[in-house]
Amino acid sequence: MKKIVLTLALALSLSGCASFQKGIERIQAGYEVVTTAGVSQRTAVIAMQSYDVVAITATNYQRLRRCTGANGPVCRDPALRTRIDAAIYAGRSARNNIKAYLRQNPSVTVIRLADYGTLTKATDTLLEATAVYRSVLGK
Amino acid sequence: MYQVVTAVIALIAQIAPAVSTAGTIAKIISSLVALLPALVKFAQDLIPTVKNIIATLRSSEGITPEQLEELDAIEAKIDADYDEASAAAAAEDAAAEAEALGKV
């Protein structure tokens, strides 16, 4: 448990405050657009796996019982179901496109931004949609 | 505990793609490695994905065809699990809404 708390603390320290992190990400994304018109293969592969981790979290969320007003706070908000579905399927499609591209072009070093952007947007949407769930569990 | 571990991994995973400096990558790798014992105990289904993230962060070269095959196998299960959970949630919602309509 101590290790988890330390890891969480490190993760939080790496992320800093949300707005700062968003700013850094935008600068980095902008830098990559200007310099390469794409992202590196490694960045894309980590983004695919990040999506996978968040998809597992989304699966756990969808497995919760539907909120009834009396069974909270750890329950599933039915209003979020279709939003999570849409993000999952968009992210899955982008992830599969990137994998297909890597198969067809094994030596490629730059991944096109369109699929990467769709994938990271889906991951962000899933993190946002499950934020309340994750914060309740973190307490 | 499973959910807490999942939440921590999700947070790290959110940060990882944006990181490019070697020192920070090393810190993320050691954080993920430190989490592995907890994953073994509480969240075994996350282990393959977390190990792959560590391997990708450590590697300076591109993904191999073998790693892509491994990803396919892991992701097939992740996708199938989600589809099953989502279908069950949709069925639960449909039943609850039908019951609510019946009471009106």
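Residues numbered from 1 in each chain as written. Chains lettered and ligands numbered in written order. Predicted model: local features only at pLDDT ≥ 70, side-chain atom pairs only at ≥ 80, totals over all residues.

Focus on the overall build of chain A
Argument step 1. A tally of helices and strands in chain A yields six helices and two strands.
Argument step 2. Moving toward the C terminus, one meets the helices and strands of chain A in the order α-α-β-α-α-β-α-α.
Argument step 3. For chain A, the proportion of its 139 residues judged to be buried stands at 34%.
Argument step 4. Sequence-distant contacts, at least 24 apart, represent 70% of the contacts inside chain A between residues at least 6 apart. (Helix = DSSP H or I, 4+ residues; strand = E, 2+ residues; numbered from the N terminus. Buried ≥ 20, exposed ≤ 12 C-beta atoms within 10 Å, placed from the backbone. Contact = placed C-beta atoms within 7 Å.)

Regarding the overall build of chain B
Argument step 1. Counting its regular elements, chain B contains four helices and zero strands.
Argument step 2. Mapped in sequence order, the helices and strands of chain B form the string α-α-α-α.
Argument step 3. Looking at chain B residue by residue over its 104 residues, the buried ones come to 33%.

Notes on the environment of Ala96 of chain B
Residue and element names in this part refer to chain B.
Argument step 1. Tracing the sequence through the fold places Ala96 in helix α4 (residues 65–103).
Argument step 2. Looking at Ala96, the number of C-beta atoms within 10 Å reads 14, which means it is partly exposed.
Argument step 3. In this structure, the C-alpha to C-alpha distance between Ala96 and Leu36, residues 60 residues apart in sequence, is 40 Å.

Observations concerning the environment of Ala22 of chain B
Argument step 1. Checked against the element boundaries, Ala22 of chain B lands in helix α2 (residues 22–42).
Argument step 2. Along the backbone, Ala22 of chain B and Leu57 of chain B are 35 residues apart, and their C-alpha atoms lie at a distance of 9.7 Å.

As for the nonpolar core
Note on soluble globular proteins: their nonpolar side chains tend to be buried together.
Argument step 1. If you look at the biggest cluster of nonpolar residues, it comprises 45 residues, and the most contacted ones within it are Ala44, Ala55, Ala58, Leu119 and Leu126 of chain A.
Argument step 2. Among the secondary structure elements, those contributing two or more residues to this core are α3 (41–62), α4 (78–104) and α5 (113–129) of chain A together with α1 (2–15), α2, α3 (47–58) and α4 of chain B.
Argument step 3. Residue contributions to this core peak at 12 residues, all from α3 of chain A.
Argument step 4. When neighbours within four sequence positions are excluded, Ala55 of chain A is seen to be in contact with Ile88 of chain A together with Ile78 and Tyr82 of chain B. (Core = buried A, V, L, I, M, F, W, Y, C linked by C-beta atoms within 7 Å.)

Details of the environment of Val33 of chain B
Argument step 1. Among the secondary structure elements, Val33 of chain B is positioned in helix α2.
Argument step 2. Sequence separation between Val33 of chain B and Lys51 of chain B is 18 residues, and the spatial gap between their C-alpha atoms is 8.4 Å.

So, the confidence of the model for chain A
Residue and element names in this part refer to chain A.
Argument step 1. On average, residues of chain A score 77 in pLDDT, and 69% of them reach the 70 mark or higher.
Argument step 2. Confidence, expressed as mean pLDDT per element, reaches its minimum in chain A at helix α2 (residues 18–36) with 47 and its maximum at α4 with 95.
Argument step 3. The low-confidence segment residues 8–20 (pLDDT under 50) makes 16 contacts with residues lying over four places distant or belonging to another chain.
Argument step 4. Below pLDDT 50 for its whole length, residues 29–35 participates in two contacts with residues either more than four positions away or in separate chains. (pLDDT = per-residue confidence, 0-100.)

Digging into the confidence of the model for chain B
In regions of low pLDDT, the predicted coordinates are not meant to be interpreted in detail.
Residue and element names in this part refer to chain B.
Argument step 1. Scored by pLDDT, chain B comes out at a mean of 82, with 85% of its residues at no less than 70.
Argument step 2. Averaged pLDDT values over the elements of chain B bottom out at 68 in α1 and peak at 92 in α4.
Argument step 3. Prediction confidence for the complex, expressed as pTM and ipTM, is 0.75 and 0.76 respectively.

Quick word on the packing of α4 of chain A against α4 of chain B
Argument step 1. Direction vectors running N to C along α4 of chain A and α4 of chain B enclose 160°, while the axes themselves pass 11 Å from each other. Taken together, the axes of α4 of chain A and α4 of chain B are roughly antiparallel relative to one another. As for the relative orientation of α4 of chain A and α4 of chain B, their crossing is left-handed in sense. Side by side, α4 of chain A and α4 of chain B meet where Pro78, Arg81, Asp85, Ile88, Arg92, Lys99, Leu102 and Arg103 of chain A of the first sit next to Leu68, Leu71, Asp79, Tyr82, Ser86, Ala89, Ala90 and Asp93 of chain B of the second.
Argument step 2. Class assignment for the residues of the contact of α4 of chain A with α4 of chain B results in eight nonpolar, one polar and seven charged. (Axes fitted to C-alpha atoms, helices over the stretch in contact; angles between N-to-C directions. Parallel < 35°, antiparallel > 145°, perpendicular 65-115°, else oblique. Left-handed = near helix turned anticlockwise from the far one by under 90°. Nonpolar A, V, L, I, M, F, W, Y, C, P; charged D, E, K, R; others polar.)

Re the packing of α3 of chain A against α3 of chain B
The angle between the axes and the distance between the axes are what describe a pair of packed helices.
Argument step 1. Relative to each other, α3 of chain A and α3 of chain B sit at 165°, their axes nearing to 10 Å. In terms of their interaxial angle, α3 of chain A and α3 of chain B are classed as roughly antiparallel. Relative to α3 of chain B, α3 of chain A is oriented so that their crossing is left-handed. Contacts between α3 of chain A and α3 of chain B pair Arg42, Val45, Ile46, Gln49, Asp52 and Val53 of chain A from the former with Thr49, Asn52, Ile53, Thr56 and Leu57 of chain B from the latter.
Argument step 2. Grouping the constituent residues of the contact of α3 of chain A with α3 of chain B by class yields five nonpolar, four polar and two charged.

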